[in-house]
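# Structural features, examined
So you can see what is in the structure, the chains are spelled out below.
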Amino acid sequence: MQPILEQMKRSAAILITFLLGISAFAQNDTLFNRTMDEIVVTATRTERKIGNVAVPVSIINKKTIQLSGSLRLNDILQEQTGLQITGGTGSNAVGGGVFGNGVQLQGLSPDHTIILLDGEPLIGRQGGVMDLSRFAVGNIRKIEIVKGPSSSLYGSDAMGGVINIITEPAKGNNFTAGIRSGSFLNTDIYTSGNISKNKTSLLYFLNRNSSNGYELDKSTPEKTQEPYFNYTGQLKFGYQFSPKTKLTTNSRLYYGLQKSRYAINSSQLNVNGDGRTKDFLINPVLSHRFNNRLQTNLRLMASGYSFTQQLDSINNNKQYYYDRFNQGFYRVENQTDFSWNTNNTLTIGGGFTLQTVNTTRYSKKQEQQMWHGFAQHEWRAVKNLILISGLRYDYNTDFASRLSPKVAVNYAINEKIKLIASYGAGFKAPDFRQLYLNFTNNAAEGYSIYGSNEFSIAFLQQQQNLGLISTIFPSANLIKSLNRKYQMASILVQP
């Protein structure tokens, strides 16, 4: 009990990581050159050749995705070395929501890895886990994976690393469509296309994925995978105001339904229902290049996520369980890049974020306001040596502010061997669940969970007086409110 209590008090943590990697390529020169010329943006928030990046980064390109035969994001990520996919259930857990398949980096839990879509954070975590099966791969151009703490660029939740899903751009004129079907009526249908004319470009992507469910264990009345279906839609719009100014708008919609049936304290099915998941994202980006040395981007984002689960008794159709979770995320951010010569590039930026959560698991609607600013300097000291230093400041209305520094070095010993070393400080801020959870699950034999801001000895005593708690153990007096100044440090060395 004591370690758990200590961990609760240490929700805001620092992880200091030293990553040392030596990349030696034994392939032929053609493959080596193609790999080193690949452009990445996640590692530095600017376009750079992967050979010039001073942090550990890997790429899953479109050809790799197509050859794998994967349909959902969790399918392709579980084939990558260094990533661990956490298992999910085939049905919505009673009172648990859709936890699905999360991803672990650097041995840290899924809530320590931030997942981006075209550079913007995705929302909709349940129990700290984002269900990766929500995302189709048919419109993905590549996936960039940065391992190690990246809080100096992306703030909290980036202690383990960053996964950036980069979708196809809106350009050209083309049309594709396809259908795949397998056992248990497992079907995937998609269509996508691009239309470009003069200064305007438009991309669309539509996908339907469904299954009739399946059973691997005949000894239980419940299916291993219950029936489900989901729809994904994406629309990208681009308009070139001038050779130096461009507006791009990315929008996404998702709707999923998961059937659920249970045999609770019975050998026969006695509870059924479904869980419905919805999310949307709208992301306009206005880019302007003043000259070859100075450019700026204004990014706006509004996204929402909702999950609703309702279970009814099969015998009398009465409501057995109901759960609702709604989350909103709104952000405005500016990033400016300035290169005063070919060897020095400065990136500065900042923004404001508003998050809201309204759920049956909290006593009331909660919101957080966050401000952040960051700066990064990239210096090519000599032809074969690149030094990167960065710093980010995060201020949150619910907990203490935090400075996150990072330095990295890329030294090319020769054309095929590079030495990459990075030192960074990351932090994990407490999320809504850890602060405000106020939940009693009567559907699962009855238990209650409280966040740090919802707990007190006086509250426990009140529950005891009402007969809801039989005994308060002495260890409960050791639990205190979250200390904003308390920090936990650890060191991880990865060869």
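Our structure's up above, just so we're on the same page.
In what follows, the accompanying structure is described. (Residues numbered from 1 in each chain as written. Predicted model: local features only at pLDDT ≥ 70, side-chain atom pairs only at ≥ 80, totals over all residues. Heavy atoms only, no water.)

## Digging into the overall build of the protein chain
Where we set the bar: Helix numbers and strand numbers start at the N terminus; a helix is a DSSP run of H or I with at least 4 residues, a strand a run of E with at least 2. We call a residue buried when its accessible area falls under 20% of the maximum for its residue type, exposed when it is over 50%, and partly exposed in between, using a 1.4 Å probe and counting protein chains only. Whether two residues are in contact is decided by their heavy atoms: any pair within 4.5 Å suffices. Accessible surface is estimated by sampling points in the Shrake-Rupley manner with a 1.4 Å probe; for residues, cover comes only from the protein chains shown.
Across its full length, the protein chain holds seven helices and 28 strands. Taking all 495 residues of the protein chain together, 47% fall into the buried category. Taking contacts inside the protein chain between residues at least 6 apart in sequence as the whole, the part at least 24 apart equals 60%. Here the protein chain displays about 24,500 Å² of accessible surface, and carbon together with sulfur accounts for 55% of that area.

## Things to note about the sheet that holds strand S8 (residues 120–121)
What counts is decided by this rule: Strand pairing is defined by DSSP finding a minimum of two bridges between the two strands.
Strand order in the open sheet formed by five strands is S4-S11-S12-S7-S8, and the pairing between neighbours is mixed. The open sheet has two edge strands, strand S4 (57–61) and S8, and neither has a second partner. With seven bridges joining them, strand S11 (residues 140–147) and strand S12 (residues 161–167) adopt antiparallel strand pairing. Residue pairing across strands places Val 146 opposite Val 162, the latter belonging to S12.

## Topic: the nonpolar core
Filter applied, for reference: Grouping buried Ala, Val, Leu, Ile, Met, Phe, Trp, Tyr and Cys residues that are joined through side-chain atoms within 4.5 Å yields what is termed a nonpolar core.
Counting 40 residues, the largest nonpolar core has Leu 73, Ile 76, Leu 77, Leu 122, Ile 143 and Ile 145 as the members making the most contacts within it. Looking at this core, the element that brings in the most residues is strand S19 (residues 294–313), giving four residues. When near neighbours in sequence (up to four residues on either side) are disregarded, Ile 76 contacts Ile 60, Thr 64, Ile 65, Ser 68, Ser 70, Val 137 and Ile 143. Among the nonpolar cores identified, the runner-up in size contains 17 residues, and Ala 43, Ala 54, Val 146 and Leu 153 belong to it.

## Focus: the pairing of strand S24 (residues 402–412)
Because side chains alternate across S24, one face comprises the buried residues Arg 402, Ser 404, Lys 406, Ala 408, Asn 410 and Ala 412, and the other comprises Leu 403, Pro 405, Val 407, Val 409 and Tyr 411, none of which is buried. In this structure, the hairpin formed by strand S23 (residues 385–396) and S24 is closed by a connection of five residues. As defined by bridge partners, S24 adjoins strand S25 (residues 417–428) across seven bridges and the pair is classed as antiparallel. By the bridge assignment for S25, Ala 412 is matched with Lys 418. Hairpin connection from S24 to S25: four residues lie between these consecutive antiparallel strands.

## Thoughts on unusual backbone geometry
Leaving glycine aside, a negative phi is the common case for residues, and trans is the common case for peptide bonds. For Asp 118, which is not glycine, the phi torsion reads 55 degrees and is therefore positive. Mapped onto the elements of the fold, Asp 118 is located in the loop between strand S7 (113–117) and S8. One non-glycine residue, Phe 184, lies in the positive phi region at around 60 degrees. Here Phe 184 shows up in the loop between strand S13 (174–181) and strand S14 (187–197).

## As for the packing of aromatic side chains
Just so we agree on the cut-off: Aromatic rings from Phe, Tyr and Trp, with only the six-membered ring used for Trp, were paired whenever their centres fell within 6.5 Å, and each pair was classed as stacked if the ring planes differed by under 30 degrees, edge-to-face if by over 60, and tilted otherwise.
Here the structure, examined in full by the defined rule, presents seven aromatic pairs. Measuring from ring centre to ring centre gives 6.0 Å for Phe 338 and Trp 340, while their planes differ by 40 degrees; the resulting arrangement is tilted. Phe 338 sits in the partly exposed class, given a relative accessible area of 33%. Three or more aromatic residues joined by ring pairs form one cluster here, namely Phe 229, Tyr 231 and Tyr 255.

## Observations concerning the pairing of S12
Most of S12 is tucked away: seven of the seven residues are buried. Residue alternation in S12 divides its side chains into two sets, Gly 161, Ile 163, Ile 165 and Thr 167 and Val 162, Asn 164 and Ile 166, and both sets are buried. Pairing geometry for S7 and S12, over five bridges, is parallel. Bridge pairing in S12 links Thr 113 to Gly 161.

## Concerning the pattern of salt bridges
Note the cut-off: We count a salt bridge whenever a side-chain nitrogen from Lys or Arg sits within 4 Å of a carboxyl oxygen from Asp or Glu.
Per the counting criterion, the structure on display carries 12 salt bridges. Across the salt bridge formed by Lys 236 and Asp 118, the nearest N and O atoms sit 3.6 Å from each other. Of the two residues, Lys 236 sits in strand S16 (residues 228–242) while Asp 118 sits in the loop between S7 and S8, which places them 118 residues apart along the sequence. As far as the burial class goes, Lys 236 and Asp 118 line up, both buried. With its nearest N and O atoms 2.7 Å apart, the salt bridge here joins Asp 279 to Arg 252. In this pair, Asp 279 is assigned in strand S18 (residues 271–289) and Arg 252 in strand S17 (residues 245–262), connecting sequence segments 27 residues apart. In terms of burial, Asp 279 and Arg 252 fall into one category: buried.

## Observations concerning the side chain of Arg 125
Rule in force here: Here a polar contact is taken to be a pair of N or O atoms separated by no more than 3.5 Å, where protein atoms must pair a possible hydrogen donor with a possible acceptor and residues adjacent in sequence count only if both atoms sit in side chains.
Among the structural elements, Arg 125 can be located in strand S9 (residues 125–126). Of note is the side chain of Arg 125, whose polar atom sits 3.1 Å from the backbone oxygen of Pro 110. Polar side-chain contacts of Arg 125 include one of 2.6 Å to the backbone oxygen of Thr 113. Every residue in contact with Arg 125, bar those within four places of it in the chain, is listed here: Pro 110, Asp 111, Thr 113, Ile 114, Ile 115, Met 130, Phe 325 and Gln 327.

## A short note on the side chain of Ser 303
Tracing the backbone shows Ser 303 in strand S19. Contact partners of Ser 303, with chain neighbours within four places excluded, come to Ile 123, Phe 280, Leu 281, Gln 327, Gly 328 and Phe 329.

## Observations regarding empty space enclosed by the protein
Filter applied, for reference: Throughout, the protein atoms alone are placed on a 1 Å grid, and a set of points is a cavity if a 1.4 Å probe fits but cannot get out or a pocket if it is open with protein on both sides within 12 Å along at least five of seven lines; lining residues have an atom within 4 Å of a point. Grid points are joined across faces, edges and corners, and a volume is the space filled by probe spheres set on the points. As a working rule, the residues Ala, Val, Leu, Ile, Met, Phe, Trp, Tyr, Cys and Pro are called nonpolar, Asp, Glu, Lys and Arg charged, and the rest polar, with Gly in that last group.
Within the structure shown, the criterion is met by three cavities of 30 Å³ or more. Considered as a void within the structure, the largest cavity measures approximately 120 Å³ in volume. Together, 16 residues line the largest cavity, and Ala 43, Val 55, Leu 153, Gln 376 and Lys 406 are the ones closest to its centre. Sorting the residues of the lining of the largest cavity by element identifies helix H5 (151–154), S23 and S24 as the ones contributing at least two each. Estimated volume of the second largest cavity: approximately 90 Å³. Lining the second largest cavity are Leu 117, Phe 135, Ala 136, Asn 139, Ile 140, Ile 165, Thr 167, Thr 232, Gln 234 and Arg 252. Listed by contribution, the elements that provide at least two residues to the lining of the second largest cavity are S12 and S16. Along the lines of polarity and charge, the residues of the lining of the second largest cavity split into five nonpolar, four polar and one charged.

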